[in-house]
Every structure is written in C-alpha cells, then in structure tokens.
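Structure assessment
The residues making up each chain are set out below.
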Amino acid sequence: MKQHFDIVIVGGGIIGCAIGYYLAKENTSVAVLESQSIGGKSTGAAAGMLGAHSEYKEFKQLYPFARSSQLLYQELYDEIKELTGIDFEMKRGGLLKLAFSASEKEEMASIYKLPAIEWLNREEAKEKVSTLTTSIIGAAFLKEDVHVTPIAVCNGFSTGAQTLGAEIFEYTNVSEITKQDSQYKIKTSRGDFTAAQVVIASGVWSNYFFQNMGLTNRIIPVKGECIAAMNEEIPLKHSIFHDQHYIVPRNNGQLIIGATKKWNDWNEKPTLEGIESVIKKAKEMIPAIKDMKMTNCWAGLRPQTFDGNPFIGEHPEMKGIYFAAGHQRNGILLAPATGKMVRDLLLGNPVDKKWIEAFKVERSISKSTELEEVKL
Ligand SMILES: Cc1cc2nc3c(=O)[nH]c(=O)nc-3n(C[C@H](O)[C@H](O)[C@H](O)COP(=O)(O)OP(=O)(O)OC[C@H]3O[C@@H](n4cnc5c(N)ncnc54)[C@H](O)[C@@H]3O)c2cc1C
C-alpha cells in the first residue's frame, strides 16, 4: 500500500473531500485519511441549504466567499455527475424566509438590495406554498438559495477525487503529526504516512491538532438536532426558513426538519427535548406538518470558531501544515470555495488577500469573545 504522498488531508468530511477533489484535478499526489466513513459526521447531519443570502444578516466579509461558493455549485453539478455518475440532487426551488412581524421584515432589509431576491406579501407567499401558516406577514423569496443532498456531494467529491487519482483511506485515524527531515510523518491506525504538506480538515476534532501543534485556537461544537418525515400531502418545492429553523424537501419525498443549536455540547445523540423543539418550530411555519410520519432523527456537531469565520490557512510556524476547519452552519455551502482556496494556497497560486486575512489561523482571540456563541 502506497503511504507517501505530496499532500495528505486529515478528515473526510465535505471540507477534506472538496480539497482532495480540487487537488486531484491538478494531478497532485494526494490522499484523504478519514477515521470513520466518508461524510459520516457533521456533513452527514446537514440539511444541505446553500444559504448565501438566508444565513447572513450583514453582507460583509463572508458573503462574497459564500456567494462565490454557491455559484461554483452550478458548474459542479454537471461536472461531478459526468465524472462519477453521482447526482447530488440540486433542488432549484429556492427558499422562503418568513417574516412574522414588521420588525422581522425590517431585519431582512439588507438582503432586498441584492438581485434575485423578491419580497412576497402573505397572499403571494401562500401562492407558492399554500400550507404556510396565516400568521406570517410575508416572506423574502431567495431564488438562488437552492439546496443539495450533503452526503451525495461529499461522496461526489471523494469518488471524483479517486477517479482522478487521489487515494481515500476510510477507518484510518490520525493520532500524531511530526516533522521528519523535510517532510511530515503522519501516524495512523493503518501505519505511518509521509507527506510534504498536510491539511487538517477534521471539523470540531481539529482542536486536537491545534493543541498538539502549539496553537491556542479552538473550535466549539454547536450541536444541531434534526428529524426526517415522509411527506405525502404537502407539495413543497421551496425550502422554508425562519429563525434559523427550516423545512427542506428532498427528492425522495422526505422533508428534513431542523435544527436546534446547542452550544458546546459534544454529545452526538438527539434528545427528546431537542426533537420536540424542532417539531414545534416546524408547526409554526406549516401547521399541517403535525400529521406527517417521522422516519428518522439525528444530531451533528457544527464546528464554530470564535468569530464565525473558518480557519483556512497555514500554521504560523510549521510550514507545510494547513488548516481548513470551523465552517459552522455553512460548511456545505462553503466547501467548493474552500477546496479551491486551499488548492491555491498549497500550489502557490494567487489567492484573494481579503480571504487570507479573514480566515488566517493566527488571528487573535480576545478573552471576551472566546467563549461566546457567535450570531451570524
Ligand atoms: C444539523 C445540521 C444542519 C446543517 N445544515 C447545513 C446546511 O443546510 N448547509 C450548510 O452549508 N451547512 C450545514 N451544516 C454545517 C455543515 O454540516 C458543516 O459545516 C460541515 O459539514 C463541516 O464539514 P467538515 O468536513 O469540516 O466536518 P465533518 O463533516 O465533521 O468532517 C470532519 C471529519 O474528520 C474526521 N476526523 C476527525 N478526527 C480525525 C482524525 N484524528 N483522523 C482522521 N479523521 C478524523 C471525522 O471523522 C469527520 O468525518 C449543518 C450542520 C448540522 C449539524
């Protein structure tokens, strides 16, 4: 088994697999090491909204990055399907962001300035989704906030990377990374690997590597609980969104209903109280949902940084060690742009200086913000 590569990526969630894909497209010698199965952690728990407009109240730093990533999905869909046969189900119905009061409408004011966004009054919103509650005053229709099936995107990236020559090692836990001559030794449950460059893309578990490499950076888990229900009666083409809760229709007839936000909770099992609260929020949006049959429930850990921006960049002292982690509630959306940015950093291609600065690993953590929940 080959165990030397130019580049090794630690973590086979959507971020690690996207990086592997974009590097494999450049004919690099690259491997992804995943301690469990590809996409089985936060990525597998996600709803899959590409919410460049729905997720951000302010359109400053992260929005241009998020928007560029959202646009990349348009070309990726055909590219991945052609290369791998995987259809990651890009549902193009857009998203209705509900307003229950004038102040909620006002809060969304900044997004109306952008093209492709339309304000609908209650009647117009109900023309799109007749089962919406009558308690809303209206909704912003975000046509381009489409959604995908996250595990399928992740599998598309990993299968695509493999097809292009990358190697993917599942059930390969990385326990230590040390400098050895001009390269790094990566100690794993499958023996030692070596590489000149290493990318840590292990979501909330990147903390382990920060600590072992002398950095004080921290990623806090924000646990999200979701349910799936079989939708036989409510024709739903659009995702419905309010107060960071959502109902997302999948092609197989299921609705994904989520999600709670439990800050600094490392337990990956859903609780009864969490599930009750997402059902309550969903009923406020579409009351008829109460009659649907629940098919599954789960939880996942969103990787959150102290300021809401991911860490994407090189270790300040250990040349050749890179981090790409902390994408919080938007890692599915941000995966293509992250994959391209890390590819360019590693290959020495030009990268927008704004993004290097905003995401650098060594940005400072003030004591007062370190332990607080970040509101995007
Ligand atoms: C309920 C929920 C809903 C969400 N909805 C959305 C959404 O609609 N849209 C959106 O854009 N985002 C959404 N997100 C956020 C998104 O899922 C995450 O931001 C994204 O999955 C993070 O990807 P990742 O690859 O960094 O982390 P992960 O998917 O957690 O992957 C990290 C991987 O690293 C592996 N690993 C850890 N340690 C090691 C080690 N030592 N050796 C080898 N491998 C290791 C883990 O096993 C894991 O597979 C949601 C998240 C949750 C929980």
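Per-chain numbering applies: the sequence of each chain, read as written, is numbered from 1 onward. Given that this is a predicted model, residues contribute local features only at a pLDDT of at least 70 and side-chain atom pairs are listed and counted only at 80 or more, while totals for whole chains, interfaces and linings are drawn from all residues. Computation of side-chain values: all heavy atoms of the structure, hydrogens and water removed.

In the nomenclature of an unreviewed UniProt entry, the protein chain is known as glycine oxidase of Niallia nealsonii. UniProt positions are given in the numbering used here, feature names are shortened, and annotations may be inferred rather than shown by experiment. As its UniProt record puts it under Pathway (unreviewed entry), the protein chain is described as follows: "Cofactor biosynthesis; thiamine diphosphate biosynthesis." Annotation of the protein chain in UniProt includes, under Catalytic activity (unreviewed entry), the sentence "glycine + O2 + H2O = glyoxylate + H2O2 + NH4(+)".

1. Considering the overall build of the protein chain
A run of DSSP states H or I qualifies as a helix once it reaches four residues; a run of E qualifies as a strand once it reaches two. Both are numbered from the N-terminal end. Along the backbone of the protein chain there are twelve helices and 17 strands. In terms of overall size, the protein chain behaves like a compact globule, its C-alpha atoms giving a radius of gyration of 21 Å where 376 residues would be expected to give roughly 21 Å. Projected onto its principal axes, the C-alpha coordinates of the protein chain cover approximately 70 × 45 × 40 Å. Accessible surface computed for the protein chain: about 15,800 Å², of which carbon and sulfur atoms make up 50%. Each charge class in the protein chain can be summarised by its mean position, and for the 43 positive and 45 negative side chains these summaries are 2 Å apart. Only C-alpha atoms enter the radius of gyration, while the globule expectation follows 2.2 Å times N to the 0.38, with N the number of residues. Each accessible area value is a Shrake-Rupley result obtained with a 1.4 Å probe; residue values ignore everything except the protein chains displayed when judging cover. For the purpose of charge, His is not counted, nor are the chain termini; Lys and Arg are scored as positive and Asp and Glu as negative. Charge coordinates come from a single atom per side chain, which is NZ of Lys, CZ of Arg, CG of Asp or CD of Glu.

2. Some points on helix 7 (residues 150–163)
A helix's residues, less one, multiplied by 1.5 Å, set its expected span. Here helix 7 is 14 residues long and its end C-alpha atoms lie 20 Å apart, about the 20 Å a rise of 1.5 Å per residue gives. When accessible area is computed with a 1.4 Å probe and restricted to protein chains, residues below 20% of their type maximum are described as buried, those above 50% as exposed, and intermediate ones as partly exposed. Along helix 7, the positions that sit buried rather than exposed are P150, A152, V153, C154, G156, F157, S158, G160 and A161. With its phi angle positive at about 110°, G165 sits one or two positions after the end of helix 7.

3. What to know about the site of the ligand
Looking at the ligand, there are 38 residues lining it, with E34, T43, M49, Q328 and L333 nearest. S35 is positioned such that a nitrogen or oxygen atom in its backbone is 3.0 Å from a nitrogen atom of the ligand. We define a polar contact as two N or O atoms separated by no more than 3.5 Å, with the added condition that, inside protein, one atom must be a possible hydrogen donor and the other a possible acceptor, whereas residues neighbouring each other in sequence contribute only through side-chain atom pairs. Between the ligand and A47, the relevant distance is 3.2 Å, taken from a nitrogen atom to a main-chain nitrogen or oxygen of the residue. Burial of the ligand by the protein amounts to 97% of the accessible area it has alone, namely 1,000 Å². Elements supplying a minimum of two residues to the shell around the ligand: helix 1 (14–24), helix 2 (42–45), strand 10 (220–230), strand 15 (293–304) and helix 10 (331–347). Only Asp, Glu, Lys and Arg are considered charged, only Ala, Val, Leu, Ile, Met, Phe, Trp, Tyr, Cys and Pro nonpolar, and every remaining residue, Gly among them, polar. Along the lines of polarity and charge, the residues of the shell around the ligand split into 17 nonpolar, 17 polar and four charged. Domain extents, as shown, originate in an automatic or database domain assignment. Each of domain 1 (4–84 + 150–219 + 306–370) and domain 2 (95–146 + 220–304) accounts for three or more of the residues forming the shell around the ligand. In this text, near means that some heavy atom of the residue lies within 4 Å of the molecule or strand in question.

4. As for the side chain of K97
Structurally, K97 can be placed in strand 3 (residues 95–99). Salt bridge, as used here: a side-chain nitrogen of Lys or Arg that lies within 4 Å of a carboxyl oxygen of Asp or Glu. Of the side chains with opposite charge, E107 comes closest to the buried, unpaired K97, at an N-O distance of 7.1 Å.

5. Some points on the packing of aromatic side chains
Only centres within 6.5 Å qualify two rings of Phe, Tyr or Trp (six-membered ring in Trp) as a pair; their planes then separate them into stacked at under 30 degrees, edge-to-face at over 60, and tilted for everything else. For the structure shown, the criterion picks out 14 aromatic pairs. We note R92 situated over the ring of Y77; from NZ or CZ to the ring centre the distance is 5.6 Å. Taking NZ or CZ as reference, K179 lies 4.6 Å from the ring centre of Y184, over its face. Two conditions define a charge sitting above a ring: the NZ of Lys or the CZ of Arg must be within 6 Å of the ring centre, and it must be within 35 degrees of the ring normal.

6. Points about the nonpolar core
Ranked by internal contacts, the top residues of the largest apolar core, which has 74 residues, are F88 and F157. Counting the residues that make up this core, at least three belong to each of domain 1 (4–84 + 150–219 + 306–370) and domain 2 (95–146 + 220–304). By the convention used here, residues are in contact when the closest approach between their heavy atoms is within 4.5 Å. Non-local contacts of F157, meaning those with residues more than four positions away in its chain, are made with I14, C17, A18, Y21, Y22, L76, I80, A335 and P336. Judged by nonpolar contacts, the second largest core, of 27 residues, contains F5, A31, F209 and V361. Among the buried residues, those of types Ala, Val, Leu, Ile, Met, Phe, Trp, Tyr and Cys that are joined through side-chain atoms within 4.5 Å form a nonpolar core.

7. Things to note about the pairing of strand 8 (residues 183–188)
Any two strands with at least two DSSP-identified bridges between them are counted as paired. Summarising the sheet, strand 7 (residues 174–180) and strand 8 pair through six bridges and their orientation is antiparallel. Of the residues in strand 8, the one forming a bridge with E176 is K187. Once strand 7 ends, the chain turns through two residues before running back antiparallel as strand 8, passing D181 with a positive phi of about 55°. Bridge count between strand 8 and strand 9 (residues 191–200): five bridges; the pairing is antiparallel.

8. Overview of the domain arrangement of the protein chain
Many descriptions give the size of an interface as the accessible area lost when the pieces come together. Along its sequence, the protein chain is carved into domain 1 (4–84 + 150–219 + 306–370) and domain 2 (95–146 + 220–304). For domain 1 and domain 2, the distance between their C-alpha centres works out to 27 Å. Contact residues are listed per partner, giving 31 residues for domain 1 and 31 residues for domain 2. Summed over both partners, the interface of domain 1 with domain 2 buries about 2,700 Å², with 56% contributed by carbon and sulfur atoms. Counting the contacts that link domain 1 with domain 2 gives two salt bridges. We note a salt bridge from E144 to R67, for which the minimum N-O separation is 2.6 Å. Counting every contact that joins domain 1 to domain 2 gives 14 residue pairs in polar contact (both at pLDDT 80 or more). Residue assignment for the side of domain 1 that touches domain 2 shows that the elements contributing at least two residues are helix 2 and helix 3 (62–84). Each residue belonging to the side of domain 1 that touches domain 2 can be placed in one class, and the counts come to 14 nonpolar, eleven polar and six charged. Simply put, the buried area is the total loss of 1.4 Å probe accessible area from both parts when two parts are fitted together.

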